[in-house]
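Letter by letter, the chains look like this.
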Amino acid sequence: GNSVTQMEGPVTLSEEAFLTINCTYTATGYPSLFWYVQYPGEGLQLLLKATKADDKGSNKGFEATYRKETTSFHLEKGSVQVSDSAVYFCALSDPASGGSYIPTFGRGTSLIVHP
Amino acid sequence: ETGVTQTPRHLVMGMTNKKSLKCEQHLGHNAMYWYKQSAKKPLELMFVYSLEERVENNSVPSRFSPECPNSSHLFLHLHTLQPEDSALYLCASSQDRALAGEQFFGPGTRLTVL
């Protein structure tokens, strides 16, 4: 079956530090990959996506590259801000899994950014 | 209103009460979802509706009863809940099932069962 593994948090950084949140996956077929973000008191928001190998998704200064050879989709940002404090979820959608496109989510990684 | 809205935002109920959660999407999407988010647990998919037809039910207890009267509205009817049902209930929508990876979430209803 499909699975997504994220690094456990919380990740605690100072403002302007470099961020990496690791995500690896297992999938039956050739999935699309996503990062979602959940700010306190809100629902999840799609942050970025990639649909094929070597694609780079990017949004709001965040980037992630679809690495098929290492089955990874690590999230990076060059300079985090306090407002980036949130929980980040890696997810995949793999229609090869019985024809269902329902995403499989990771457990989430909490990011805390201090001024 | 834009996006996905949920009401109420907070709900406290006793185990013998009956209540309903409401979700409305203003995006013209054809698929809608209910999720349960509990502390220290992965996000749990509960129900999936596509074009108002229930297409997935992930072994959810019968004390949770979904209803989708049209493609814009989704309800979750609650009765005789247990304290362990306390959680954040999230509604989401996607353009259709084939784009289920790209979901738009509401802010959730924080449910406390006493």
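Below or above, wherever it landed, is the structure these notes cover. (Residues numbered from 1 in each chain as written. Chains lettered and ligands numbered in written order. Predicted model: local features only at pLDDT ≥ 70, side-chain atom pairs only at ≥ 80, totals over all residues. Heavy atoms only, no water.)

**Regarding the pairing of strand β12 (residues 109-114) of chain A**
Residue and element names in this part refer to chain A. Burial along β12 is one-sided: T109, L111 and V113 are buried, and none of S110, I112 and H114, which face the opposite way, are. Relative to β12, strand β2 (residues 11-14) is paired through four bridges, and the arrangement is parallel. Along β12, the bridge assignment pairs L13 with V113. Examined bridge by bridge, strand β10 (residues 86-93) and β12 share three bridges and lie antiparallel to one another. By the bridge assignment for β12, A86 is matched with L111. (Buried < 20%, exposed > 50% of the residue type's maximum accessible area, 1.4 Å probe, protein only. Helix = DSSP H or I, 4+ residues; strand = E, 2+ residues; numbered from the N terminus. Pairing = 2+ DSSP bridges.)

**What to know about the packing of aromatic side chains**
One pass over the full model with this rule turns up 10 aromatic pairs over all chains. Each ring, one from F62(A) and one from Y88(A), has its centre 5.6 Å from the other, and the planes form 40°; the classification is tilted. With F62(A) in strand β8 (residues 62-65) and Y88(A) in strand β10, the pair connects residues that are 26 residues apart, well separated along the chain. Given the relative accessible area of 1%, F62(A) is considered buried. Aromatic ring contacts, followed pair by pair, group Y36(A), F105(A), Y33(B), Y35(B) and F105(B) into a single cluster. (Phe/Tyr/Trp six-rings, centres within 6.5 Å; stacked < 30°, edge-to-face > 60°.)

**A few points about the nonpolar core**
If you look at the biggest cluster of nonpolar residues, it comprises 26 residues, and the most contacted ones within it are L19(A), W35(A), L47(A), L48(A), F73(A), L75(A) and Y88(A). Of all elements in the fold, only β2, β3 (19-21), β4 (23-26), β5 (32-38), β6 (44-50), β8, β10 and β12 of chain A reach the threshold of two or more residues within this core. No other element matches β10(A), which puts four residues into this core. Of all hydrophobic cores here, the second largest spans 22 residues; its members include M32(B), F64(B), L81(B) and V113(B). (Core = buried A, V, L, I, M, F, W, Y, C linked by side-chain atoms within 4.5 Å.)

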